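# Working through the structure, step by step
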Amino acid sequence: MNEVSLFDLLREGKIDSCHQFVDQASSGGENLVKYLNTLLYYSVSIKWVNSIENHPLIIVNSIKNIIADNRANPSKKLLFYCLQILTEKPIRDNDDEYINDIIKDGVGSTVFVGSLEDAIQSGDWEKAKILAAKIFLASDHSRAVIDSIADLGLQDIDNNGLFIFHLLRAFHFKQEKPHAWTYACCLIDMLQSKPLPEPHIRQGLEPNKLFDLVLSYCDAELLVTYASILRIWGGDYVRQDSYNREISHWLYSKQSSKKKIIDKEESEIVLEQSINHKNFIQIAENIISKGNPISQSSKNIVILEALRHIAKIKSNKILYYYVNELITS
């Protein structure tokens, strides 16, 4: 008898049959890695029609990062929550059609990345997908096509920055080489939600120069995007120079913001004693246990993951304000 995969069970909506995989993943090690990789791969396979900032990939990858604080004894509650947000989410069924058609007809003449970029920039998404498939095949199934598409997506960081960060990091997490095409298709689909602006001019700003300013704004959404581009900036991507050009422009657009500033009294909130403000796994479990709608819980977990990263870089009392907002909401 063939072993049933977690991916197939999710696709069939058999959530009860997935519990065995949660038990295995909770033992840590390779079982945990396989479990998270499957959930990430399923996330990018979903036919998603809602807002890009609510995409399941963002939530699953955020939980993956939080779970990393205790890999030896991963939280069952967080592992199971990932299943909950993926249940009854249908997947795209036409990704392979592009690949199969091109293999059948032959890749043909050389395809340049510039042609793909032109198609995306002009909003010709059908042509973009065909060109992306040709580049994917010609590059021996490499991740180059993902990096090229992400490069254009970062021309609109407010809309796409958070998603692109989590997609890049999810693929980096030991994904199999053939899965690159599914990741590319997911990224193409998500970028269609809003026309892309033209490339921007590089500005002389780096993320760490605005660290305290962004943290002091009473704006969790901005903070989450900032934490995302902060990590992209410090990455080692083939398109790093182009990524950083767009990030520098985004920072320039934010430095003169008129947002409300968190005052001294708010930043010195004393947190609830039963919650360790440095234990992000405990806080994430607390968020889930409140019984809020999944959409609200998921949003709070994504904010928490951003705070977790920032806390590792620089201790700041204003972080307590944001953590307290999550705990009490």
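This part covers the confidence of the model for the protein chain. A low pLDDT score tells you not to read the predicted coordinates there in detail. Confidence along the protein chain averages 89 in pLDDT terms, with 91% of residues attaining 70 or more. Taking the mean pLDDT of every element in the protein chain, the minimum, 56, falls on helix α15 (residues 264-267) and the maximum, 97, on helix α4 (residues 56-67).

Right, let's talk about the nonpolar core for a bit. Counting residues in each nonpolar core, the largest one holds 113 residues, and the members touching the most others are Y35 and I146. With 10 residues, helix α11 (residues 180-191) is the largest single contributor of residues to this core. For I146, the residues in contact, after removing those within four places along its chain, are L167, L168, F171, A180, Y183, A184 and L187.

Here the focus is the layout of surface pockets. Approximately 560 Å³ is the volume found for the largest pocket. What lines the largest pocket is a set of 26 residues, among which E53, N54, L162, K299 and V302 lie closest to the centre. At the level of secondary structure, the elements contributing two or more residues to the lining of the largest pocket comprise α4, α10 (157-172), α13 (220-233) and α17 (294-313). Tallied by class, the residues present in the lining of the largest pocket amount to 14 nonpolar, 7 polar and 5 charged. Within this model, the second largest pocket holds a volume of roughly 300 Å³. In terms of lining residues, the second largest pocket is bounded by 17 residues, among which Y41, D95, D96, W181 and T182 are the most central. At the level of secondary structure, the elements contributing two or more residues to the lining of the second largest pocket comprise α1 (6-11), α3 (29-45), α6 (95-105) and α11. It is α6 that contributes the most residues to the lining of the second largest pocket, 3 residues altogether. Taken together, the residues of the lining of the second largest pocket break down into 7 nonpolar, 5 polar and 5 charged.

For the rest of this paragraph, the subject is α10. Along α10, 12 of the 16 residues are buried, which leaves the element largely enclosed by surrounding structure. Here α10 has its buried residues at I157, N160, G161, L162, F163, I164, F165, H166, L167, L168, A170 and F171. Two residues or fewer after α10 comes K174, characterised by a positive phi angle close to 55°.

Criteria and cut-off values
- Residues numbered from 1 in each chain as written.
- Predicted model: local features only at pLDDT ≥ 70, side-chain atom pairs only at ≥ 80, totals over all residues.
- Heavy atoms only, no water.
- pLDDT = per-residue confidence, 0-100.
- Helix = DSSP H or I, 4+ residues; strand = E, 2+ residues; numbered from the N terminus.
- Core = buried A, V, L, I, M, F, W, Y, C linked by side-chain atoms within 4.5 Å.
- Buried < 20%, exposed > 50% of the residue type's maximum accessible area, 1.4 Å probe, protein only.
- Contact = heavy atoms within 4.5 Å.
- 1 Å grid on protein atoms, 1.4 Å probe; cavity = no way out; pocket = protein on both sides within 12 Å on 5 of 7 lines; lining within 4 Å.
- Points joined across faces, edges and corners; volume = space filled by probe spheres on them.
- Nonpolar A, V, L, I, M, F, W, Y, C, P; charged D, E, K, R; others polar.

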